[in-house]
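Architecture at a glance
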Amino acid sequence: MPFQRDDAPSPPRPARIGVLRAELRGDAAWVATPTPRLTWTVETDEPGWLQAWAEIRRGDEIRRIDGAESVLVAWPFAPLAEGEVAEVAVRAGAVDGHETPWSAPLEVAAAFTTAWRGRLIGLADPDAPARPALLRRAFRVERPVRRAVLHTTAFGAADWTVNGAAVDDGVLGPGWTSYRLRAVHDTADVTPLIAPGENILAARLAGAWYTEEYHLLTPPRRVYGAQPSAAAQLRVEYADGSVETIATDQRWRAIPDPETLASGIYAGETADGRGRLDGWDRPGFDDVTWPAAALSSDALPTPEPRIAPPVRRVDTVPVRAVLPAPSGGVILDFGQNLVGRLRIRVHGERGSRIVLRHAEVLEDGDLALRPLRRAAARDEYVLGGGGEEVWEPRFTFHGFRYARIEGWPGPFDADSVEAVVLQTDLPRTGWFSSSDPLLDRFHENVVWTMRGNALAVPMDCPQRDERLGWTGDQQLFAPTAAFLFDCAAFYRSWLRDLALEQERAGGIVPLFAPDAVPSVSTRGPMAGWGDAIAIIPRVLADATGDLTFLDDLYPAMRSWLDVVIGALDDDGLWTAGRQLGDWLDPNAPPDAPARGRTDAEIVATAYFIRSALLVARIARRRGHGDEADRLEHEAEISRAAFLEAYVTPAGRMMCDTQTAYAVAIAFDIVTEERLRARLADRLADVVRRDGYHIATGLVGTSVIAQALTEGGHPDAAERLLLQTESPSWLHPVTVGATTIWERWDGLREDGTLNPGAMISFNHVALGSVAAWLHEDVAGLAPAEPGYRRIQAAPRVLRGIDSARAEHLTPYGRAVVGWERRGGVVHVTAVIPPNTTGDVRLPDGQRMRVGSGSHEWIVVDEPDEPRPPIHLDSSMAELADHPAAYRAFHAALAASPNDFVARAVRANALYRDTLRIRDALTFADEPTVLAIASALASASAPATISA
């Protein structure tokens, strides 16, 4: 029986308000709505703290709210006006009668504008496609200024200044949206930058995503436009109450940027320090020769205020090692695959040329450039001369661990270069740790992968000529992302583009958003990818408690399902059309990643059933009972057809693969208890048959551990998790990976690259198993949307001695973990104030607890002894004995007959009906004897737990 420790507590800290924030950004005071919802946390050591009421204060107004609500509480005051700034504070009372002090005031500033006046402007006579430009406008201020607010946007990316000072710390602003359908503007309070007399509002502009040449099974072409343009309006409120607006128009002046000569997301950037114009964006500069800017003919949708944080420089990484480059120059190893660019500090003669190339891995001692495909990832800087020069590209980014530098003037000093890490500035909210260094490094790789691919849009990869917001990757990874980072506003912004692109495509959800290659992405509905429109909002609602995700996206969900229903055959199966299926199954040919072992129609039909039932529940919550009934009816027709077509009464899938069983279980398609148990047993058998190696693509990988756990086989999930042979999650870690790879064997065991065309070494989808680490291994998950109730249900694994997850919930810090010590397991949980915890201990005991710190101790169940392994043991028994398994393969690898050794390894099936002796039919006698001896030693009692 477990018992809960009850050490003598120290006096609790008085309750106080911890964090107060307004939607949707926590990085700035700006809000995109006149009525921002408010969220606050309470910090206290007092156990079981529950809120009875709260008061919100704005100036002299105080509004009282009865009850426990403290997350996304409706704005209780008059709506904010354009340009208005308010300060709010909150205090809360507990059910025991105690109350907190007032919080520190929170500034809330209106980021929106009621009338957009800025026109898109650019170069009147560009001398090259996608030509970077300088824009400037002089204006005078003759009266005292109360406040000045600048709104900016661009078809491209722009750095804005007032009198030479940057207006914010954003990078690549305003980011990437579906330009024809949606534009976003940034907002900055520039009051401190305004001076009496002449002022200069200026921008450095480049094409970025707008002028990029996109392609996917198509020739490269500029989808949006050939030249960048920008728009802005500066709202100046004077002390006398008057307002003046300075907006982009033909009174602005523009020239080709004489320093930044060319820039592209894929190509990189070329700059010439000899062309630097000192003072061009400050008063006193003579622009009389600058021509007037031209009004762009592009239609600008009315820009809406930014709701997600901007891209920022979030970190710098020094050079870890300097290597000689076979092709000349030096190669820098930063020790971490990252996303960003280099910043160099250099002295040299005027006209000296430095070339920077980037890559994620090395091949034959030099940069492996083939995975980049058409992305040159090449930056070039020509020195202006005259002292130390500091240069960093402005409007591009690269995915890299290694950089080759050619043309460095004089001896190279590693301290003169650093990598600047770029990311949409998402606050970290989730952590995981364990007793296994490989597992912890794998999780850190997931974090770095999320960081690198959250850049303006949620990308699939950050290095090659793609970098698109693939929907399938995101719906698989969203549960992990929502735990690790505060990404709700980031995804909400992207989902707006996705829904607009879907509407334009007549209900088909495109493969990616923004949809830069519509000729490819909307040819037909694609299961798993299009389902992102239904799945991601549910994930975000559960993580944040914000049910408006479901309300806002419900029309898009319903439209998607109408398209899919129209694609089903007469039986209710999704068998027609183009499908990606279980994309990147490791058994698929390198250049045919859709040709995995799992039939695409199984994956497609399973996704339809899952999404239809999910949206039916949303419809019912919204009061659309008839629609819910219709979707449930369609789902049940497809479920019955799925069972008849793909599932045998004996509990076998007609497609006997890990993914087929996993989706049938994890998507709750098979619900009859006896049949479901048989499928789960067979899934465990199949995983063992495959030697506890991953045999799933993107879809199956996201649910395989969950399906095994739900099916009563957590031991099999553990063996998959801790496997270090390829293909497995940990194998890349053992060979130095610092991010998640697109392919399990991106680098093969002989050190060569996979021959396929897609070999990203920074790809989110296969990191989706981290959600299982958080929710099952450590045991921390929401039991109600937004963590109003917290699930604390750790699952003790035999192969590690501890696991712990921590998450900053909307209510505060929650922690769940376990540690094996001295024959018992210590389970700990921290439940934040104003919530409760549903606890399930490893021995099956259940209870509900209030907020505070908790610890329980349960008996650690010992491992069952394993029988000795010998040549007449089954291959399944061999797979279930880790020490014997390792000894078998070590002895096999030592065989002088390399051909037979490789053949046995490649063809091994770990089945109950196959003896070890049978698997060695073609092995020579010395090898068989060596294996027999190795098995005897490895499975002796002293090595059973090895």
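Residues numbered from 1 in each chain as written. Predicted model: local features only at pLDDT ≥ 70, side-chain atom pairs only at ≥ 80, totals over all residues. Heavy atoms only, no water.

1. Focus: the sheet that holds strand 3 (residues 30-31)
To keep things clear, this is the line we draw: If DSSP finds at least two bridges between two strands, the strands pair. Every helix listed is a DSSP run of H or I at least four residues long, and every strand listed is a run of E at least two residues long, numbered separately from the N terminus.
Taken in spatial order, the five strands make up an open sheet running 3-8-7-5-6, and their pairing is mixed. Two strands close off the open sheet at either side, each with one partner strand: strand 3 and strand 6 (61-66). As paired strands, strand 3 and strand 8 (residues 106-110) are joined by two bridges and run parallel to one another. Residue pairing for strand 8: V31 is matched across the bridge by A110.

2. Examining the nonpolar core
To keep it simple, the criterion reads: Take the buried Ala, Val, Leu, Ile, Met, Phe, Trp, Tyr and Cys residues and link them wherever side-chain atoms come within 4.5 Å; each set so joined is a nonpolar core. Exposure is judged per residue with a 1.4 Å probe applied to protein chains only, and the accessible area is read against the type maximum: over 50% gives exposed, under 20% gives buried, and values in between give partly exposed.
Residues W209, Y214, F642, M653 and L920 are the most contacted members of the largest nonpolar core, which totals 206 residues. Looking at this core element by element, the count peaks at 14 residues for helix 7 (residues 600-621). Residues V141, A232, L234 and Y238 belong to the second largest nonpolar core, which totals 28 residues.

3. Observations concerning the sheet that holds strand 45 (residues 846-849)
Short version of the rule: Angles run from 0 to 180 degrees between N-to-C directions of axes, and those axes are lines fitted to C-alpha atoms, restricted for helices to the stretch in contact.
Judged by pairing direction, the sheet is mixed, and its four strands sit side by side in the order 39-40-44-45 without closing on themselves. Taken across any chain shown, the strands that pair with only one partner, and hence form the sheet edges, are strand 39 (780-782) and strand 45. Within the sheet, the average angular offset between the axes of one strand and its neighbour, ignoring direction, is 25°. Direction of pairing for strand 40 (residues 789-792) relative to strand 44 (residues 836-840): parallel, over a ladder of four bridges.

4. Things to note about unusual backbone geometry
In this model, E23 is joined to L24 through a cis peptide bond whose omega is -10°. Counting through the fold element by element, L24 comes out in the loop between strand 2 (16-22) and strand 3. Residues G173 and P174 are joined by a peptide bond in cis, for which omega reads 5°. Of note, P174 is situated in the loop between strand 14 (170-171) and strand 15 (184-189). Backbone geometry at A208 places phi at a positive 45°, although glycine is not the residue there. Residue position: A208 is located in the loop between strand 16 (197-206) and strand 17 (213-214). One non-glycine residue, N834, lies in the positive phi region at around 70°.

5. Quick word on the environment of S559
The cut-off we apply is this: For this analysis, residues touch if any pair of their heavy atoms sits within 4.5 Å.
On the secondary structure map, S559 appears in helix 6 (residues 548-567). On the basis of relative accessible area, S559 is assigned to the partly exposed category, the value being 27%. With 56 residues separating them along the chain, S559 and E503 place their C-alpha atoms 8.5 Å apart. The residues contacting S559, other than those within four sequence positions of it, are Q502 and G507.

6. Some details on the environment of A78
Inspection of the secondary structure puts A78 in the loop between strand 6 and strand 7 (85-94). Spatially, the C-alpha atom of A78 lies 7.9 Å from that of T35, the residues being 43 residues apart in sequence.

7. Considering the packing of helix 9 (residues 658-666) against helix 10 (residues 673-689)
Formally: Any angle that falls under 35 degrees is termed roughly parallel, while one over 145 is termed roughly antiparallel, one within 65 to 115 roughly perpendicular, and all others oblique. In this scheme the crossing of two helices becomes right-handed for a clockwise turn of the near helix relative to the far one and left-handed for an anticlockwise turn of less than a right angle. Amino acids are sorted into nonpolar (Ala, Val, Leu, Ile, Met, Phe, Trp, Tyr, Cys and Pro), charged (Asp, Glu, Lys and Arg) and polar (every other residue, Gly among them).
Between helix 9 and helix 10, the least distance of the axes is 9 Å, while the angle of their chain directions is 150°. Taken as axis vectors, helix 9 and helix 10 run roughly antiparallel relative to one another. Note that helix 9 runs across helix 10; the crossing there is left-handed. Facing helix 9, whose interface residues are Q658, Y661, A662, A664 and I665, helix 10 presents R676, L679, A680, R682, L683, V686 and V687. Across the contact of helix 9 with helix 10, the residue classes break down as nine nonpolar, one polar and two charged.

8. A few points about the pairing of strand 34 (residues 398-406)
For strand 34, a buried count of eight out of nine residues is recorded, marking the element as mostly surrounded by other parts of the structure. Alignment of strand 28 (residues 330-346) against strand 34, held across seven bridges, turns out to be antiparallel. Bridging from a neighbouring strand, L332 pairs with A403 of strand 34. Judged from the five bridges that link them, strand 29 (residues 353-359) and strand 34 form a sheet pairing that is antiparallel. Paired with A359 across the strands is Y402, a residue of strand 34.

9. A closer look at the packing of aromatic side chains
Where we set the bar: Any pair of Phe, Tyr and Trp rings, taking the six-membered ring for Trp, is counted once the centres come within 6.5 Å. Such a pair is stacked with planes under 30 degrees apart, edge-to-face with planes over 60 apart, and tilted for the rest.
Within this structure, the stated rule accounts for 26 aromatic pairs. Taken together, a centroid distance of 6.3 Å and an interplanar angle of 85° make the contact between W160 and W252 edge-to-face. One end of the pair, W160, is in strand 12 (residues 157-162); the other, W252, is in the loop between strand 20 (243-247) and strand 21 (253-256), and 92 residues separate them in sequence. Across the pair, exposure class does not vary: W160 and W252 are buried alike. With a centroid separation of 6.1 Å and 85° between ring planes, the pair formed by Y214 and Y224 is classed as edge-to-face. On the criterion of sequence distance, the pair formed by Y214 in strand 17 and Y224 in the loop between strand 18 (221-222) and strand 19 (229-238) is long-range, its members being ten residues apart. As far as the burial class goes, Y214 and Y224 line up, both buried.

10. Describing empty space enclosed by the protein
Here is the rule: With a 1 Å grid spanning the protein atoms alone, the term cavity applies to any set of points in which a 1.4 Å probe fits but cannot get out, the term pocket to an open set with protein on both sides within 12 Å along at least five of seven lines, and the term lining residue to any residue with an atom within 4 Å of a point. Grid points are joined across faces, edges and corners, and a volume is the space filled by probe spheres set on the points.
This model, assessed by the stated rule, comprises seven cavities of 30 Å³ or more. What the largest cavity holds in volume is close to 190 Å³. Lining the largest cavity we find 21 residues, and of these P174, G175, R306, A456 and S493 sit closest to its centre. The dominant element in the lining of the largest cavity, judged by the number of residues it contributes, is helix 3 (residues 488-504), at four residues. Of the residues assigned to the lining of the largest cavity, the class counts are 14 nonpolar, five polar and two charged. When its volume is computed, the second largest cavity comes out at roughly 90 Å³. Considering the residues around the second largest cavity, the lining is formed by F442, N445, S728, W729, P732, V733, T739, I740, W741, R743, W744 and L766. Contributions of two or more residues to the lining of the second largest cavity are made by helix 1 (437-453) and helix 13 (731-734). Here the residues of the lining of the second largest cavity sort into eight nonpolar, three polar and one charged.

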